[in-house]
Amino acid sequence: MEYDLDRFTSRRSTVRANRGLVATSQPLAAEAGIEILRDGGNAFDAAVATAAALNVVEPTSTGLGGDVFALYRTADGEVGAIRSCGGAPADATIDAVRDGLERADPDERSSYYPANRGYAVDAAADPDSLEMPFLGPHAVTVPGTARGWEATVRKLGRLTLADVLQPAIEYATEGYPVSEVVSAYWRSAESLFTDEHAREAYLFDGEAPDPGQTVALDRLGASLEAIAERGADVVYEGEIAEAIADEVQSKGGHLAVEDLASFQPEFLEPISTTYNGAEVFELPPNNQGLIALEALNIAEEIGAGEHPYESADRVHAFAEATKLAFVDGHHYVTDPDYEEIPPLGSKSYARERAREIGEAPIADPAIGVPNANAEDADTVLLTVGDEAGNLVSFINSRFAGFGSGLVAGETGIALQNRGASFSLDPNHPNSLEPGKRPFHTLVPAMAKFDEDDWAAFGVMGGYMQPQGHVQVLSNVIDYGMGLQEALDAPRWRVREDGSLGVEERLPNAAALARRGHDVRVLPPVQFGGAQLVRRADGSLAGASEPRKDGQAQGY
């Protein structure tokens, strides 16, 4: 494609390189991945190094107390997936959680349901509520991060886990300056740190760090050093495992060392569909990858990408396809070991659903998200490519910022709140059961545009993720945008209440409102965090999210 500088609309150019390329949301973490590539590691080593560094330099969005997922294509052509996601504790039944809520101090119980995230505290704090707590000990599931990192490096990398953790250890022990975006997220989480362990690990003189302030995370650094020296088992069977279990149980939760010790990551077959000539790969359930595939299939069926880019018809068509996919996915997607899931990603199913789309918006779509608090949740995504031909889209998350609000003893490990996606309704597909994995928002993705033209990509941000996939892919496939332009372009998002969130610069938003959409202008930070690395004809190209501190770096 020829680029006309007079029509150049991107905020910056696509980054291009031959040897290696890393795209992620924090420049220091991108540098960690590049360092590993320069030292002889491959894309998988660099992915783990970048993810570990993000645990330190962007601790507001990811951590050792969370889960890991990946989609990848190896240099020899294998397309695969990693799911390193723990389940509910063995003793975590619906009755046990309700009993724990009943016995908890009312003020403490109310803190599990934060009013500033849309809850009416008095109602939600009722132990008989069908809503799982969003915060606190009952929201903690088994973290998959450490063993996920280790499995990635062992099976697919060239270096050792100790090698790839060194940049993160240096940032944690020697310190780093905090960026504006990370400082703002950190400050918004100050009220979450009511526990002594959390405040000692992540506040400085009782406050979140200011932009430019140099901070060291000594406790987290010590945990990273222990993992480097003794392997991931220290998190699941050693002293760190004991600290995690003690922290949760001391607050009234059920996670035990036995739950941690029995956990193992999985290597899976991805699921896929085609969209206007490209093949798109996503993670299977318990992740929401099926939602992205269904939305793409419906959009293709109704010709959504055939409308002029700046038209209201384009946004209407894609948004309606997304609504239907959300309705289905949020009802059916769960742990497949516990429930049968219909073929939501099939073309035939999409043809049936497409019949419901007309000129007016679907009224009262009953999207039914697993937890409304997660609608604007955020995390990290990174994509890496190397000169051999390996590509990987890698996600590491605690769900909502610093997760549950609990930090395990003196380990510096903030524990995730992924269990908040369970339901306390025994008849719901995502009902809480011992060992069951919760509905997961995290969906790394891959796309095949041609035999030697592949991309690793993703768009972070709660339920923004699958609809972000749809928009970025359509920008590239239907409208021929360059990679960075495709990420810069104004976004829309279907909300849990059926409204249509738009960026202020989205063309023809007024026409969408006249058409009947409940249009709401939202700040850019609510439209996700995208990263993309593409390898075509032996050359690498990358782009990073302009709404964050993102950086695509190559060499």
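Residues numbered from 1 in each chain as written. Predicted model: local features only at pLDDT ≥ 70, side-chain atom pairs only at ≥ 80, totals over all residues. Heavy atoms only, no water.

Caption draft 1: Highlighting helix α3 (residues 94-103). Buried within α3 we find I94, A96, V97, G100 and L101. For α3, the arc enclosing every buried residue in end-on projection is 165°, short of the 170-degree limit, so these residues lie on one face. In α3, those exposed residues whose orientation departs by more than 90 degrees from the buried face are D95, E102 and R103. The inward-facing, buried residues of α3 contact α4 (106-111). (Buried < 20%, exposed > 50% of the residue type's maximum accessible area, 1.4 Å probe, protein only. Helix = DSSP H or I, 4+ residues; strand = E, 2+ residues; numbered from the N terminus. Arc of directions from axis to C-beta. Contact = heavy atoms within 4.5 Å.)

Caption draft 2: Region of interest: the sheet that holds strand β14 (residues 492-494). Strand order in the open sheet made by the three strands is β14-β15-β16, with mixed pairing throughout. Strand pairing shows two members of the sheet lacking a second neighbour, β14 and β16 (519-521), which therefore form its edges. This sheet shows a mean twist of 25° between the axes of neighbouring strands, independent of strand direction. (Pairing = 2+ DSSP bridges. Axes fitted to C-alpha atoms, helices over the stretch in contact; angles between N-to-C directions.)

Caption draft 3: Here's a closer look at a negative patch on the surface. On the surface, a cluster of negative charge is contributed by E31, E35, D39, D163, E170 and E174. Contributions of two or more residues to the negative patch are made by α1 (27-38) and α7 (161-174). It is α7 that provides the largest number of residues to the negative patch, a total of three residues. (Patch = residues over 30% accessible without salt bridge, like charges linked within 9 Å, V, L, I, M, F, W, Y side chains within 5 Å. Areas by Shrake-Rupley, 256 points an atom, 1.4 Å probe, with all protein chains shown as cover. Salt bridge = Lys/Arg side-chain N within 4 Å of Asp/Glu carboxyl O. Lys, Arg positive; Asp, Glu negative; His and termini not counted. Charge placed at Lys NZ, Arg CZ, Asp CG, Glu CD.)

Caption draft 4: Fine view of the sheet that holds strand β7 (residues 266-268). Read across the open sheet, the seven strands follow the order β7-β4-β3-β11-β10-β2-β19; overall the sheet is antiparallel. The open sheet has two edge strands, β7 and β19 (551-554), and neither has a second partner. If you compare each strand with its neighbour and ignore which way they point, the axes differ by 15° on average. In this sheet, strand β4 (residues 79-84) lies alongside strand β3 (residues 67-73) in antiparallel orientation, the contact comprising six bridges. The partner of L71 across the bridge, within β4, is A81.

Caption draft 5: Representation of the environment of Q465 within the structure. Considering the arrangement of structural elements, one finds Q465 in helix α17 (residues 464-477). Owing to a relative accessible area of 0%, Q465 belongs among the buried residues under this scheme. Each C-alpha atom, one on Q465 and one on A189, is 22 Å from the other, the two residues being 276 residues apart in sequence. Setting aside anything within four residues of it in sequence, one finds Q465 in contact with Q288, I395, T441, L442, V443, V459 and M460. In this structure the side chain of Q465 is engaged in a polar contact, spanning 3.1 Å, whose partner is the backbone oxygen of G462. (Polar contact = N/O pair within 3.5 Å; in protein donor to acceptor, adjacent residues only side chain to side chain.)

Caption draft 6: Spatial organisation of the pattern of salt bridges. Using the criterion set out here, one finds 30 salt bridges in the structure. One salt bridge in this structure joins D497 and R520, with 2.9 Å as the shortest N-O distance. Remark: R520 occurs in strand β16 and D497 occurs in the loop between β14 and β15 (500-502); sequence separation between them is 23 residues. The partly exposed category is assigned to D497, whose relative accessible area is 45%.

Caption draft 7: Focus on α7. For α7, spanning 14 residues, the distance from its first C-alpha to its last is 20 Å, which sits close to the expected 20 Å at 1.5 Å a residue. Along its length, α7 shows its largest kink, about 35°, at P167. Turning to α7, its buried residues number three or more, namely L161, V164, L165, P167, A168, I169, Y171 and A172. Check the buried side of α7 and you find it contacts α1, α2 (43-57), α6 (145-156), β5 (176-177), β6 (214-215) and α10 (218-230). (Expected span 1.5 Å × (residues − 1). Bend = angle between axes of the 7 residues up to and from the residue.)

Caption draft 8: Quick peek at unusual backbone geometry. Cis geometry is adopted by the peptide bond preceding N286, which originates at P285 and carries an omega value of 25°. Residue position: N286 is located in the loop between β9 (278-282) and α14 (289-301). Despite not being glycine, D205 has its phi angle at roughly 55°, a positive value. Residue position: D205 is located in the loop between α9 (196-202) and β6. Positioned with a positive phi, N276 is a non-glycine residue whose angle comes to about 45°. Within the secondary structure, N276 sits in the loop between β8 (271-275) and β9. On the basis of relative accessible area, N276 is assigned to the partly exposed category, the value being 37%.

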